[in-house]
Amino acid sequence: MDSTKVLKEIDISVEEILSDYRIAMISRHASLLGRKEVFTGKAKFGIFGDGKELCQIAMAKAFRKGDFRSGYYRDQTLMMAIGAVTVQQFFAQLYAHTDLEYEVMSGGRMMNGHFSTHLLDENGQWLRHTDMLNSTSDVSPTAAQMPRLVGLAYASKLYRANPQLKGFKDFSINGNEIAYGTIGNGATSEGIFFEAINAAGVLQIPMMVAVWDDEYGISVPNELHTTKGDISKVLEGFQRNGKEKGIEVVKVHGWDYTALIETFRKYEKICREEHVPVVVHVDELTQPQGHSTSGSHERYKSKERLEWEKEYDCIKKFREWILENEFAHQGQLDGIEAEAIKHVRESKNRAWKDYFQVVDKDRKDGLALLDQINAESGPHDEVTKLRSELQANPTPLKLDTIKALKFTLRIFKNEQSKAKTKIQEWLRERDKRNQKDYSTHVYSESVDSALKVPVVNPTYSSKSKLVDGREVLQACFDANLARDPRILAFGEDVGKIGDVNQAFAGLQKKYGDLRVTDTSIRETTIIGQGIGLALRGLRPIAEIQYVDYLIYAIQTLSDDLACLQYRTVGRQKAPLIIRTRGHRLEGVWHSGSPLGMILGSMRGIYVIVPRNMTQAAGFYNTILRSDDPALIIECLKGYRLKEKIPDNLVEFTVPLGVPEVLKQGTDITLVTYGAMVNVALTAAEQLEEHGVSLEVIDVQTLVPFDLPKIILKSIKKTNRVIFADEDVPGGASAYMMQHVLNIQNAYQYLDSKPITVSSKEHRPAYGSDGDYFSKPNEEDIFDFSYQMMHEFDPVKYPAIY
Ligand SMILES: Cc1ncc(C[n+]2csc(CCOP(=O)(O)OP(=O)(O)O)c2C)c(N)n1
Ligand SMILES: [Mg+2]
């Protein structure tokens, strides 16, 4: 065939068509072989992109340097087609190779099919995104890629519309970048899908979402997923028209090569140039091997459906189309397939060899150590058995060697030998390596880590004014917005009125509505907006109006933001500030202090609980100079309290993880934070009058927690401790207690039972009495403290009640 021939309708050469056929074949055989690797026990789980090759090849043609992807586990063909992942790397992930050189996407931390590219260098510094084809790091929860996608696309809008950002050429060229999303048909039933689509329509951003519709979400068919069984029909109301802005919604069959290319090409232009969001509904897709290696689709698909899937397999259709149009003959296509199979097999073998070398080195070391200990102190039957089991294991894991050696040490616990010392040393050394392989990069490890920001103490003078707390924040935000054009704040009511407590009052007028911005009521995409912006080099402050409503966003915070650095081994970061307010105020949904929930779901995000607005301002200054994400919870009751504004408000910083002793005492250490600090200080004054000396410590940040062990030092003096907060019993107070007693080992200095004082189990009731009888109050702190002293010395502290 004449390879210079060009298909006129879509302006594509035969060479390119055959190259596409090759990519499709490579991807398909990677799926087929991948599944086999799981069934032979070489990998643990597999999920593949078979049946969805052609649409991704078409999408890849519209993917340009600087663009971003936020997708899901079916996208191997797209990733291979844009050159972001090789077949070898694909298999390295299947095997969980922990070396980032080989498993470039997550260093073995994520299941296969979870794609990402490096946005940062090995030191955590930004690479030049505009030179690369970028993919943010995938997560497993269905539709969880959607909130972040909004932010990725919104960044293009800001880079285009805000002249102050024109200089940031590593991140954007005039906002020309599209954020591509991919999602399964089943996952479009998730609330966050609709939330994200609506947000994109409102914001008018270059976000293109492709729905890969194979009729099923695992076993559940479309008619049980989607109204009318058709997501593009459902989205019709979003369609823009001559009068109203909106989004473009288009449908195309997944086996139709030319239609797919035409569609992506046409809508790429609209999306990129006009910044109009697009949904491409790709239907009539198949899933030849079923959902994943966990089950077979014969269980739930009818015979007719299975036959239809065979007939409409996109590669089969593509092949027929090539032959019909005489772009190649059978033999040529067979040759391409044979070459693709060879390429996949060789790549897979290399990936396995590289992976296996590491575990096998451990095994070989282990076998030699077992031989040595048997020679020196044995032979011991059990060790010999452990040794032969280890040797016979066809797919050994690191843990097999560790277990064999640990069992052996138990056997020889009463003996000393050179071999034993060697085993102990080997285990210690491997422990270090495994720690590095599996437990690093929970927080930033770069020079810009929040823990490395220089401390600048606040300074005061006779000129320092006493103002409302909210004015301290307002001055802080004003100064930061002036200092750094990448900083922006958005959320419900943040723009025009400057947030419900007016810490941004007047700042939209001063800096424009791209810097201080109102959003619709959509917590999880507010967070996603922030994540996407931060991934693209901006410094967002995303506001959640009350901490009570953070619950709507927990999923995105936990599944996406909190583990981002971890799951990319530090090759992606989103230094987002989540600003919110909480603790006591009014009623069930405006008094929340769910810190236990936060601590349990968001490790990877620093958790900051300032007692007043000056401390809050210092923390904003710290975090805005760092590359870590942080949640800052301001005290709802603090905005109108008077505070002295530091003279160096712009520069001063508060270090993370350093508690402050606010009142010295000798009898009991009281550990608390946030709005409870003032309650504790008042109670402490009252206790003084009754001979009890309370030392009050504000922990200031829950994550990190008391790095210099200030609380331990205090307990060494008082020998008693109370942990107080407004969370439920067993919440953050238990967290603090675990840190202090267990990690800091303060238990050994205690003369009284340590206690926690917390809120009631229920939500706080409405009204001042409701608050008083739901949340810990001054009398509670007084009574618990006094009781502790009474138990110690009933004569000096006689019972009051
Ligand atoms: C929030 C959440 N619920 C359930 C699952 C389990 N799960 C994984 S994939 C899947 C089906 C997704 O179907 P679809 O979106 O159509 O994508 P497909 O796999 O068909 O491409 C489900 C239910 C999950 N990963 N996340
Ligand atoms: Mg599906």
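Structure shown above.
We now turn to the structure provided with this report.

Parameters at a glance
Residues numbered from 1 in each chain as written. Chains lettered and ligands numbered in written order. Predicted model: local features only at pLDDT ≥ 70, side-chain atom pairs only at ≥ 80, totals over all residues. Heavy atoms only, no water. Helix = DSSP H or I, 4+ residues; strand = E, 2+ residues; numbered from the N terminus. Buried < 20%, exposed > 50% of the residue type's maximum accessible area, 1.4 Å probe, protein only. Contact = heavy atoms within 4.5 Å. Areas by Shrake-Rupley, 256 points an atom, 1.4 Å probe, with all protein chains shown as cover. Lys, Arg positive; Asp, Glu negative; His and termini not counted. Charge placed at Lys NZ, Arg CZ, Asp CG, Glu CD. Near = heavy atom within 4 Å. Polar contact = N/O pair within 3.5 Å; in protein donor to acceptor, adjacent residues only side chain to side chain. Nonpolar A, V, L, I, M, F, W, Y, C, P; charged D, E, K, R; others polar. Donors = N, O, S within 2.8 Å, 3.2 Å for Na, K, Ca; no water. Phe/Tyr/Trp six-rings, centres within 6.5 Å; stacked < 30°, edge-to-face > 60°. Lys NZ or Arg CZ within 6 Å of the ring centre and 35° of its normal. Pairing = 2+ DSSP bridges. Axes fitted to C-alpha atoms, helices over the stretch in contact; angles between N-to-C directions. Arc of directions from axis to C-beta. Salt bridge = Lys/Arg side-chain N within 4 Å of Asp/Glu carboxyl O. Parallel < 35°, antiparallel > 145°, perpendicular 65-115°, else oblique.

### Describing the overall build of the protein chain
When its secondary structure is counted, the protein chain shows 27 helices and 24 strands. Referenced to the eigenvectors of the C-alpha coordinate spread, the extents of the protein chain come out at roughly 100 × 85 × 50 Å. Relative to its full complement of 801 residues, the protein chain shows a buried share of 60%. In the protein chain, of all internal contacts separated by at least 6 residues, the share reaching a separation of at least 24 is 79%. When the accessible surface of the protein chain is summed, it comes to about 32000 Å², and 52% of that surface belongs to carbon and sulfur atoms. Side-chain charges of the protein chain comprise 99 positive and 109 negative groups, with the mean position of each set lying 3 Å from the other.

### A look at the site of ligand 1
In the vicinity of ligand 1 lie 17 residues, with Y72, Y73, R74, G186 and A187 positioned nearest. In the environment of ligand 1, an oxygen atom lies 2.7 Å from a nitrogen or oxygen atom belonging to the side chain of Y72. Contact distances for ligand 1 include 3.1 Å between a nitrogen atom and a backbone N or O atom of S140. In isolation ligand 1 offers 580 Å² of accessible surface; the protein chains occlude 70% of this area. Partitioned by chemical class, the residues of the shell around ligand 1 number six nonpolar, eight polar and three charged.

### Concerning the coordination of the magnesium ion (ligand 2)
Taken together, N185 (OD1), D214 (OD) and Y216 (O) make up the full set of protein donors to the magnesium ion (ligand 2), lying 2.0 to 2.1 Å away. Sequence positions of the residues that donate to the magnesium ion (ligand 2) give the spacing N-x28-D-x1-Y. Accessibility expressed as a relative area gives 12% for Y216, which makes it buried.

### Topic: the packing of aromatic side chains
Overall, the coordinates contain 28 aromatic pairs when judged by the stated rule. With 4.9 Å between their ring centres and 70° between their planes, F477 and Y620 make a pair best called edge-to-face. Placement of F477 in helix α16 (residues 469-483) and of Y620 in helix α22 (residues 613-624) is noted, with a sequence separation of 143 residues between them. Taken individually, F477 and Y620 each receive the classification buried, so the pair is uniform in this respect. Aromatic side chains Y546 and Y549 sit 5.8 Å apart centroid to centroid with 90° between the ring planes, which places their arrangement in the edge-to-face category. We note that Y546, like Y549, is buried. Among the aromatic residues, those joined into a cluster by ring pairs are F48, F90, F91, Y95, W352, Y355 and F356. Above the face of the Y216 ring, K301 is positioned so that its terminal group lies 5.2 Å from the ring centre. A cation over an aromatic ring shows up here: K317 above the ring of W255, its NZ or CZ 5.7 Å from the ring centre.

### Describing the sheet that holds strand β5 (residues 179-184)
Paired through their backbone hydrogen bonds, the strands of a sheet run either parallel or antiparallel. As summarised here, the arrangement of the six strands in space is β4-β3-β5-β6-β10-β9, forming an open sheet in which the pairing is parallel. Of all the strands in the sheet, the pair left with one neighbour each is β4 (134-135) and β9 (248-253). Bridge count for strand β3 (residues 68-70) against β5 is three bridges, and the pairing is parallel. Opposite R69, over in β5, you have Y180 as the bridge partner. Strands in contact with helix α6 (residues 191-203) are β5, β6 (207-212) and β10 (278-283); relative to β6, the strand with the most contacts, it is inclined by about 150°.

### Observations concerning the sheet that holds strand β21 (residues 694-698)
Spatially, β19-β21-β20-β23-β24 is the arrangement adopted by the five strands of the open sheet, whose pairing is mixed. The two strands at the open ends of the sheet, each matched to only one other strand, are β19 (660-663) and β24 (755-757). Across this sheet, the average inter-strand angle for adjacent strands is 30°, counted without regard to direction. The sheet contacts of helix α24 (residues 710-718) involve β19, β20 (668-672), β21 and β23 (721-724), and relative to β20 the element is tilted by about 155°.

### What about the pairing of β23?
Neither face of β23 is exposed, since V721 and F723 on one face and I722 and A724 on the opposite face are all buried. The pairing of β20 with β23 spans three bridges and is classified as parallel. Paired with T669 across the strands is V721, a residue of β23. Bridge count between β23 and β24: three bridges; the pairing is parallel. In the strand pairing of β24, A724 is matched with V757.

### Things to note about the side chain of D75
The topology assignment puts D75 in the loop between β3 and α3 (76-81). D75 gets classed as buried once you look at its relative accessible area, which sits at 0%. Among all residues touching D75, those that are not within four sequence positions of it are Q56, R69, F115, T182 and W212.

### With respect to α24
Three or more residues of α24 are buried, namely I711, L712, S714, I715 and T718. An end-on view of α24 places all buried positions within 160° of arc, on one side of the element. Close packing links the buried residues of α24 with β20, β21, β23 and α25 (732-743). One or two residues past the end of α24 sits N719, with phi positive at roughly 65°.

### Digging into unusual backbone geometry
The residue after G378, namely P379, is reached through a cis peptide bond having omega 0°. Within the fold, P379 resides in the loop between α12 (330-377) and α13 (381-392). Of note, the amide linkage connecting V703 to P704 takes the cis form, showing an omega dihedral of 0°. Here P704 shows up in the loop between β22 (701-703) and α24. You will see that D11, though not glycine, has its phi angle at about 50°, which is positive. Assessed through its relative accessible area of 58%, D11 is described here as exposed. The backbone of Q502 shows a phi angle near 65°, a positive value even though the residue is not glycine. Topologically, Q502 is positioned in the loop between β12 (487-491) and α17 (507-511).

### Overview of the pattern of salt bridges
Taken as a whole and assessed by the stated rule, the structure comprises 58 salt bridges. Among the ionic pairs, E268 bridges to R64, the shortest N-O distance being 2.9 Å. Here E268 is found in helix α9 (residues 257-274), whereas its partner R64 is found in the loop between α2 (53-62) and β3, with 204 residues between them in sequence. One salt bridge connects D170 with R128, and the closest N-O pair in it is separated by 2.6 Å. Of this pair, D170 sits in the loop between α5 (145-161) and β5 while R128 sits in the loop between α4 (87-95) and β4, placing them 42 residues apart in sequence.

### Topic: the packing of α13 against helix α14 (residues 398-411)
Contact geometry for α13 and α14: axes closest at 10 Å, N-to-C directions at 175°. Regarding the angle of α13 to α14, the classification is roughly antiparallel. Counted together, E382, V383, L386 and L390 of α13 and D400, T401, A404, F407, T408 and I411 of α14 form the full contact between these two elements. Broken down by class, the residue content of the contact of α13 with α14 amounts to six nonpolar, two polar and two charged.

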